[in-house]
Amino acid sequence: MISKKILEAINAHIQEEMYSSNLYLSMAAYCESVNLKGFAHWMRIQANEEHGHAMKLFEHLVDRGGKPQIKGINEPPAGFESPRDVFEKTLAHEREVTKKVHKLYEVALEEKDYAAQILLQWFISEQVEEEARVTETLEKLKSISEGSSAIFWVDKELRKRAG
Ligand code: FEO
C-alpha cells in the first residue's frame, strides 16, 4: 500500500523527470543546430537518463499498487546562446531538481514510507553525481574564451559519454 500523499508526490516528480528529459532533448537540438555533435550526443544520453528516472518512479508506483498519472509537461526553452549557456542552465536546473528530490524525501520521512525512502536515496545520490558531472564540464567551458577552437576539444570529450 502507498499513501495518497506519497502517490501524489511521486506522480508530480514523474512529471519533473519527463520535463527534464524534454529539456535536454531541446538542448540536444540546439547543439545539433550549431554543429556540436559531441554536446548533442551528451544531451541525448542525458534525456534518455531522465526518462529512465521517470520510469523508475513509474515502476515503483506500479509495484506498490499505486497508479502512475501521466500529466501535461510544459514546453522547454528552445533558444540558447552558447554551449556555456546550455551547461549553466543545466546546472541551475539540476540544482532545482535536487531541491525537489529532497522535498520528496521529506514527505517519505513524514509518511514513514520506508520503501519510498530507499528508492529516493538512489535519487539523492544520482543528483550528487549529476551536479558534479555538469559542474566539471561547465568549469572547462568557463576557461575557454568565446570563439576559441578549444570548444571542439570539449565536444570530442563529450562525445565519449557512454549511453
Ligand atoms: Fe533526473 Fe537530472 O535528475
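Quick summary incoming for the structure in this document.

Looking now at the packing of helix α1 (residues 4-33) against helix α2 (residues 37-63). The packing of two helices is summarised by the inter-axis angle and the distance between the axes. Packing of α1 against α2 brings their axes to within 8 Å, and their N-to-C directions diverge by 165 degrees. On the basis of their axis angle, the class for α1 and α2 is roughly antiparallel. Handedness of the α1/α2 crossing: left-handed.

Turning next to the nonpolar core. Ranked by size, the top nonpolar core spans 24 residues in total, and within it Met-27, Phe-39, Met-43, Val-86 and Phe-87 carry the most contacts. For this core, the secondary-structure elements that each account for two or more residues are α1, α2, α3 (83-110), α4 (114-142) and α5 (151-159). With seven residues, the top contributor of residues to this core is α1. With residues up to four places along the chain from it excluded, the contact list for Met-43 reads Tyr-24, Met-27, Ala-28, Val-86, Phe-87 and Thr-90. Grouped together as the second largest cluster of nonpolar side chains are 17 residues, Ile-6, Ile-14, Val-107 and Phe-123 included.

Attention now moves to unusual backbone geometry. Residues other than glycine seldom take positive phi values, yet Asn-35 does so here, at roughly 60 degrees. Relative to the helices and strands, Asn-35 resides in the loop between α1 and α2. We note that Lys-112 has phi near 55 degrees; this positive angle belongs to a residue other than glycine. Within the secondary structure, Lys-112 sits in the loop between α3 and α4. A relative accessible area of 58% places Lys-112 in the exposed class.

Turning to the side chain of Glu-131, a few remarks are in order. Structurally, Glu-131 is set in helix α4. Arg-95 provides the closest opposite charge to the buried, salt-bridge-free Glu-131, at an N-O distance of 4.1 Å. Not counting residues up to four positions away in its chain, the partners in contact with Glu-131 are Leu-91, Glu-94, Arg-95 and Thr-98.

Let's shift gears to the packing of aromatic side chains. Within this structure, the stated rule accounts for four aromatic pairs. Measuring from centroid to centroid gives 5.1 Å for Trp-42 and Phe-87, while their planes differ by 55 degrees, and the two rings are tilted. Taken together, the residues span a long stretch of sequence, with Trp-42 in helix α2 and Phe-87 in helix α3 at a distance of 45 residues. Judged by its relative accessible area of 4%, Trp-42 is buried. What makes Phe-87 buried here is its relative accessible area of 0%. Judged by centre distance (5.0 Å) and plane angle (80 degrees), the rings of Trp-122 and Phe-123 are edge-to-face. A relative accessible area of 34% places Trp-122 in the partly exposed class. When the ring centre of Trp-122 is taken as origin, the NZ or CZ atom of Lys-56, which lies over that ring, is 4.2 Å away. Taking the ring centre of Trp-42 as reference, the NZ or CZ of Arg-161 above it sits at 4.4 Å.

Moving on, we get to the side chain of Ser-20. Along the chain, the position of Ser-20 falls in helix α1. Excluding residues that lie within four positions of it along the chain, Ser-20 makes contacts with Glu-50, His-93 and Val-97.

Mapped onto the secondary structure, Leu-61 falls in helix α2. Spatially, the C-alpha atom of Leu-61 lies 9.4 Å from that of Ala-116, the residues being 55 residues apart in sequence. Beyond its immediate chain neighbours, meaning those up to four positions away, Leu-61 contacts Ile-2, Leu-7, Ile-10, Asn-11, Ile-14, Gly-66, Lys-67 and Pro-68.

Parameters and conventions
- Residues numbered from 1 in each chain as written.
- Predicted model: local features only at pLDDT ≥ 70, side-chain atom pairs only at ≥ 80, totals over all residues.
- Heavy atoms only, no water.
- Axes fitted to C-alpha atoms, helices over the stretch in contact; angles between N-to-C directions.
- Helix = DSSP H or I, 4+ residues; strand = E, 2+ residues; numbered from the N terminus.
- Parallel < 35°, antiparallel > 145°, perpendicular 65-115°, else oblique.
- Left-handed = near helix turned anticlockwise from the far one by under 90°.
- Core = buried A, V, L, I, M, F, W, Y, C linked by side-chain atoms within 4.5 Å.
- Buried < 20%, exposed > 50% of the residue type's maximum accessible area, 1.4 Å probe, protein only.
- Contact = heavy atoms within 4.5 Å.
- Lys, Arg positive; Asp, Glu negative; His and termini not counted.
- Salt bridge = Lys/Arg side-chain N within 4 Å of Asp/Glu carboxyl O.
- Phe/Tyr/Trp six-rings, centres within 6.5 Å; stacked < 30°, edge-to-face > 60°.
- Lys NZ or Arg CZ within 6 Å of the ring centre and 35° of its normal.

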